[in-house]
Amino acid sequence: QVQLVESGGGLVQPGGSLRLSCVASGSVFRLYSMDWYRQAPGIQRELVAGMPSGGGTNYADSVKGRFTITRDDTKNTAFLQMNSLKPEDTAVYYCNAEIVTVAGHRSRYWGPGTQVTVSS
């Protein structure tokens, strides 16, 4: 069994920064892609930042230049550094990862999410 758990969310003022973490644990054999999504009330979940299994990064236009996705495969962890936060960044942020388990099964997994609120 595999678990993804996000942390690092909270309340921040406009212009502030937060760093989200996503840790994969359990029967993890190998991580492939690791992505961050967000969902605001009444809005469809959207991809914010991704690290495909083939390498590189991609970002939503709305966060380019402000957010940075990184990962540490030695710790099965992905990070999302969020700078210059705006009220419209307020949402629940979810980690999504493509993982191969010790048993050899390859699937995508979701974390439960972490709330980010940008408000003065």
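Please read these numbers as outputs of a predicted model, since none were measured by experiment.

(A) A look at the sheet that holds strand S3 (residues 18-26). Sheet architecture is open: four strands sit in the order S1-S3-S8-S7, paired in antiparallel fashion. Bordering the open sheet on either side are strand S1 (2-7) and strand S7 (67-72), each of which pairs with just one other strand. Between one strand axis and the next, the sheet turns by 15° as a mean value, whatever way the strands run.

(B) Structural context of the packing of aromatic side chains. Tallying each qualifying case throughout the model produces two aromatic pairs. On the basis of an interplanar angle of 85° and a centroid distance of 6.3 Å, the ring pair of tyrosine 94 and tryptophan 110 is categorised as edge-to-face. A residue pair is termed long-range when its members are at least 10 positions apart, and tyrosine 94 in strand S9 (residues 91-101) and tryptophan 110 in strand S10 (residues 106-110) qualify at 16 residues. Taken together through their ring pairs, the aromatic side chains of Tyr37, Tyr94 and Trp110 make up a single cluster. The side chain of arginine 45 reaches across the aromatic face of tyrosine 94, ending 3.7 Å from its centre. In this structure, arginine 106 packs its charged tip against the face of tyrosine 32, placed 3.7 Å from the ring centre.

(C) Structural detail: the pattern of salt bridges. On inspection of all chains with the given rule, the structure shows eight salt bridges. Here arginine 38 ties to glutamate 46 by a salt bridge, and the two come within 2.7 Å at their closest N and O atoms. Taking relative accessible area as the criterion, arginine 38 reaches 7% and is therefore assigned buried. Across the salt bridge formed by arginine 106 and glutamate 98, the nearest N and O atoms sit 3.0 Å from each other. Connected via shared salt-bridge partners are Asp35, Glu98, Arg106 and Arg108.

Cut-offs used in this document
Residues numbered from 1 in each chain as written. Predicted model: local features only at pLDDT ≥ 70, side-chain atom pairs only at ≥ 80, totals over all residues. Heavy atoms only, no water. Pairing = 2+ DSSP bridges. Helix = DSSP H or I, 4+ residues; strand = E, 2+ residues; numbered from the N terminus. Axes fitted to C-alpha atoms, helices over the stretch in contact; angles between N-to-C directions. Phe/Tyr/Trp six-rings, centres within 6.5 Å; stacked < 30°, edge-to-face > 60°. Lys NZ or Arg CZ within 6 Å of the ring centre and 35° of its normal. Salt bridge = Lys/Arg side-chain N within 4 Å of Asp/Glu carboxyl O. Buried < 20%, exposed > 50% of the residue type's maximum accessible area, 1.4 Å probe, protein only.

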